[in-house]
Amino acid sequence: MTLNDILNEQRIYAMINDVPILRESEVHLFEELIGLYRPTSVLEVGTAIGYSALLMAPLLYEEEGHITSIELDDVRYEMAKYYINQSDYADKITLLKGDASQVLTELTGEYDLVFLDGPKGQYLKQLELILPHVKEGGVILADNVLFRGYVRGDKEPPKRFKTIVKRLQEYLTYVENKELFNTTIYPMGDGMSVSVWKGHNK
């Protein structure tokens, strides 16, 4: 199977099984960003079925480039493993199964790109665990940061979304601290933030 065949199959699977993956409107931006930053070491929180990992894998800088991706859900983890093993990039992607908030406390190594795409209300807590492992000038991408238009703007979120919206607002306030990051928010899809980390001595 070619990579395009696998990605198409994943899109169909995601649609049928209601698995959240990058929207079509975000894929071009996502690939452009990965192509621009050309990371060698990527940490992804929220593998789902491995769609974004397989989008990133061909764009890594140098042959030794590697992606480490964390997924909690059993079924999604197994599907990600299945799709990744069908591809030519299985040796570039390490899947870790477990709750990211726990897995991240045991993190080793350094990363030059992080992709947050797990539970939206956990972004800030997870970023605080990850930052000691981010290289200076490293990039943090976070998906769905505008969450249905509730996070920025005048739309009042329904009660069930209030906590998520509040936590995403706190996340954006944190990454928009100009002493720590240079952050751009792209409104495509459900919003993606791109934050360049200025380093540990700031």
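Criteria and thresholds
Residues numbered from 1 in each chain as written. Predicted model: local features only at pLDDT ≥ 70, side-chain atom pairs only at ≥ 80, totals over all residues. Heavy atoms only, no water. Helix = DSSP H or I, 4+ residues; strand = E, 2+ residues; numbered from the N terminus. Rg over C-alpha atoms; globule rule 2.2 N^0.38 Å. Contact = heavy atoms within 4.5 Å. Lys, Arg positive; Asp, Glu negative; His and termini not counted. Charge placed at Lys NZ, Arg CZ, Asp CG, Glu CD. Pairing = 2+ DSSP bridges. Axes fitted to C-alpha atoms, helices over the stretch in contact; angles between N-to-C directions. Core = buried A, V, L, I, M, F, W, Y, C linked by side-chain atoms within 4.5 Å. Buried < 20%, exposed > 50% of the residue type's maximum accessible area, 1.4 Å probe, protein only. Parallel < 35°, antiparallel > 145°, perpendicular 65-115°, else oblique. Left-handed = near helix turned anticlockwise from the far one by under 90°. Nonpolar A, V, L, I, M, F, W, Y, C, P; charged D, E, K, R; others polar. Phe/Tyr/Trp six-rings, centres within 6.5 Å; stacked < 30°, edge-to-face > 60°. Lys NZ or Arg CZ within 6 Å of the ring centre and 35° of its normal.

Caption draft 1: Up close: the overall build of the chain. The number of helices and strands found in the chain is seven helices and seven strands. In the chain, the succession of helices and strands from N to C terminus is α-α-β-α-β-α-β-α-β-α-β-α-β-β. Over its C-alpha atoms the chain spans a radius of gyration of 16 Å, differing by no more than 12% from the 17 Å that the globule rule assigns to 202 residues. Judged by the C-alpha coordinates and their principal axes, the chain covers about 45 × 40 × 30 Å. Long-range contacts, defined here as pairs at least 24 residues apart, represent 69% of the contacts in the chain between residues at least 6 apart. Charged side chains of the chain number 21 positive and 31 negative; the gap between the two group centres comes to 8 Å.

Caption draft 2: Structural context of the environment of Pro20. Relative to the assigned elements, Pro20 resides in the loop between helix H1 (3-17) and helix H2 (24-37). With 98 residues separating them along the chain, Pro20 and Gly118 place their C-alpha atoms 9.9 Å apart.

Caption draft 3: Just the sheet that holds strand E2 (residues 66-71), in detail. Pairing is mixed across the open sheet formed by seven strands, whose spatial order is E3-E2-E1-E4-E5-E7-E6. This sheet does not close on itself; its edge strands, each paired only once, are strand E3 (93-97) and strand E6 (181-186). Each strand of the sheet is rotated relative to its neighbour by a mean of 15°, with strand direction disregarded. By the bridge criterion, five bridges tie strand E4 (residues 111-116) to strand E5 (residues 134-143) in an arrangement that is parallel. Looking at the pairing, Tyr111 lines up with Val134 of E5. Where H2 meets the sheet, it contacts E4, E5, E6 and strand E7 (192-197), and its direction lies at approximately 10° from that of E7.

Caption draft 4: Looking closely at the nonpolar core. Residues Leu22, Phe30, Met56, Ile93 and Leu141 are the most contacted members of the largest nonpolar core, which totals 35 residues. Every element with two or more residues in this core is listed here: H1, H2, helix H3 (51-56), helix H4 (74-86), E3, E4, E5 and E7. Apart from the residues lying within four places of it in its own chain, the contact partners of Phe30 are Leu22, Ser52, Leu55, Met56, Phe115, Leu141 and Met192. Formed by 32 residues, the second largest nonpolar core is a distinct cluster that contains Tyr111, Tyr123, Leu131 and Tyr171.

Caption draft 5: Focus on the packing of H1 against H4. It is the contact of H1 with H4, at a shortest axis distance of 10 Å, that shows an interaxial angle of 160°. Viewed along their axes, H1 and H4 adopt a mutual orientation that is roughly antiparallel. The two elements H1 and H4 cross, and the hand of that crossing is right-handed. Contacts between H1 and H4 pair Ile6, Glu9, Gln10 and Tyr13 from the former with Val75, Met79, Tyr82, Tyr83 and Gln86 from the latter. Here the residues of the contact of H1 with H4 sort into six nonpolar, two polar and one charged.

Caption draft 6: Looking closely at the packing of helix H6 (residues 123-130) against helix H7 (residues 162-175). It is at 8 Å that the axes of H6 and H7 come closest, and there the two elements cross at 40°. The pairing of H6 with H7 is recorded here as oblique in orientation. Residues Tyr123, Leu124 and Leu127 of H6 pack against Leu168, Glu170, Tyr171, Tyr174 and Val175 of H7. Of the residues assigned to the contact of H6 with H7, the class counts are seven nonpolar, no polar and one charged.

Caption draft 7: Fine view of the packing of aromatic side chains. Counting across every chain of the model gives eight aromatic pairs. Residues Phe147 and Phe161 carry aromatic rings whose centres are separated by 5.1 Å and whose planes lie at 85° to one another, so their mutual orientation is edge-to-face. Taken together, the residues span a long stretch of sequence, with Phe147 in the loop between E5 and H7 and Phe161 in the loop between E5 and H7 at a distance of 14 residues. Assessed through its relative accessible area of 8%, Phe147 is described here as buried. Connected via pairs of aromatic rings, a cluster forms that spans Tyr13, Tyr82 and Tyr83. Across the ring face of Phe161, the terminal group of Arg160 is positioned such that the distance to the ring centre comes to 4.4 Å.

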